[in-house]
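Notes for the structure review
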Amino acid sequence: MDKVYIVFWTQTGNTEAMASAIRDGVKETGKDAVLLSPTEASIADLKEVTAFALGCPAMGAEVLEEDEMEPFVTEVEKMAAGKQIALFGSYGWGDGQWMRDWADRMAAAGATVVGGEGVIAQEAPGAEELEACKNLGKTLAEI
């Protein structure tokens, strides 16, 4: 795959920083990375690729952002079978349950979650989380 789509929603910039690190990992492999918000992204484009990334912070009671990301993820579920999807995001409370739930949803839709789970960061991502995101980008680019 020559192009890797990274679709994410961010409120404070933490998830955006993670998306940028994934982009950097993709670019290190010589591939193109495309960062998009859910309103900019096209389900048709995602149908054409084998793998892509989705990112969203935990909101409310550990759920996905409800106005843009949740409807987009619902559409992704309809075409996720056979896809490899990397998940990432940040959270400020709880223990990451939103990510476990999201990974379960994607698996139930027939997708493989890259790495078996999402990359999460409590609040702003630190060096360890950013490195994990960069490695995630490299993995996506090699699929």
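Reference entry: report on the structure contained in this document. All values reported here derive from a predicted model rather than from experimental measurement.

It is worth spelling out the overall build of the protein chain at this point. Per the secondary structure count, the protein chain includes 5 helices and 6 strands. In sequence order, the secondary structure elements of the protein chain are arranged as β-α-β-α-β-α-β-α-β-β-α. Radius of gyration (C-alpha) of the protein chain: 13 Å, near the 15 Å computed for a compact globule of 143 residues. On the principal axes, the C-alpha backbone points of the protein chain span a range of 35 × 35 × 25 Å. The 143 residues of the protein chain split such that 48% are buried. For the protein chain, long-range pairs separated by at least 24 residues make up 80% of all intrachain contacts whose partners lie at least 6 apart in sequence. Accessible surface computed for the protein chain: about 6,500 Å², of which carbon and sulfur atoms make up 45%.

Let us look at the packing of helix H1 (residues 14-28) against helix H5 (residues 127-142). A pair of packed helices is characterised by two quantities: the angle between their axes and the separation of those axes. Where H1 contacts H5, the axes come no closer than 7 Å and their chain directions differ by 45°. Regarding the angle of H1 to H5, the classification is oblique. Like other packed secondary-structure pairs, H1 and H5 cross with a definite hand, here right-handed. Residues Ala 17, Met 18, Ala 21, Ile 22, Asp 24, Gly 25, Val 26 and Glu 28 of H1 touch H5, and the partners they reach there are Leu 130, Cys 133, Lys 134, Leu 136, Gly 137, Lys 138, Leu 140 and Ala 141. Residue composition of the contact of H1 with H5, grouped by class: 10 nonpolar, 2 polar and 4 charged.

Our next topic: the pattern of salt bridges. Per the stated rule, a full pass over the model turns up 7 salt bridges. Arg 23 serves as the salt-bridge partner of Asp 24, at 3.4 Å between the closest nitrogen and oxygen. On the accessibility criterion, Asp 24 (35% relative accessible area) is partly exposed. We classify Arg 23 as partly exposed; its relative accessible area is 26%. The closest approach of N and O atoms between Glu 28 and Lys 138, which form a salt bridge, is 3.2 Å. Note that Glu 28 is positioned in helix H1 and Lys 138 in helix H5, a separation of 110 residues in sequence. The class of Glu 28 is partly exposed, set by a relative accessible area of 47%.

Residues of strand S6 (residues 119-122) alternate between two faces, with Val 119 and Ala 121 buried on one and Ile 120 and Gln 122 left unburied on the opposite face. Relative to S6, strand S4 (residues 84-91) runs parallel, the two being bridged by 4 bridges. Considered in S6, the bridge of Phe 88 is made with Val 119.

This part covers the nonpolar core. Residues Phe 52, Leu 54, Val 76, Ile 85, Leu 87, Trp 102 and Met 106 are the most contacted members of the largest nonpolar core, which totals 31 residues. Elements with a contribution of two residues or more to this core: strand S1 (3-8), helix H2 (43-47), strand S3 (51-55), helix H3 (69-77), S4 and helix H4 (97-108). Per-element accounting of this core gives the leading share, 5 residues, to H4. What Ile 85 contacts, discounting residues up to four positions off in sequence, is Phe 52, Leu 54, Val 76, Ala 80, Met 106, Ala 111, Thr 112, Val 113 and Val 114. Counting residues in hydrophobic clusters, the runner-up holds 20 residues, among them Val 4, Ile 6, Val 26 and Ala 121.

About the criteria used
- Residues numbered from 1 in each chain as written.
- Predicted model: local features only at pLDDT ≥ 70, side-chain atom pairs only at ≥ 80, totals over all residues.
- Heavy atoms only, no water.
- Helix = DSSP H or I, 4+ residues; strand = E, 2+ residues; numbered from the N terminus.
- Rg over C-alpha atoms; globule rule 2.2 N^0.38 Å.
- Buried < 20%, exposed > 50% of the residue type's maximum accessible area, 1.4 Å probe, protein only.
- Contact = heavy atoms within 4.5 Å.
- Areas by Shrake-Rupley, 256 points an atom, 1.4 Å probe, with all protein chains shown as cover.
- Axes fitted to C-alpha atoms, helices over the stretch in contact; angles between N-to-C directions.
- Parallel < 35°, antiparallel > 145°, perpendicular 65-115°, else oblique.
- Left-handed = near helix turned anticlockwise from the far one by under 90°.
- Nonpolar A, V, L, I, M, F, W, Y, C, P; charged D, E, K, R; others polar.
- Salt bridge = Lys/Arg side-chain N within 4 Å of Asp/Glu carboxyl O.
- Pairing = 2+ DSSP bridges.
- Core = buried A, V, L, I, M, F, W, Y, C linked by side-chain atoms within 4.5 Å.

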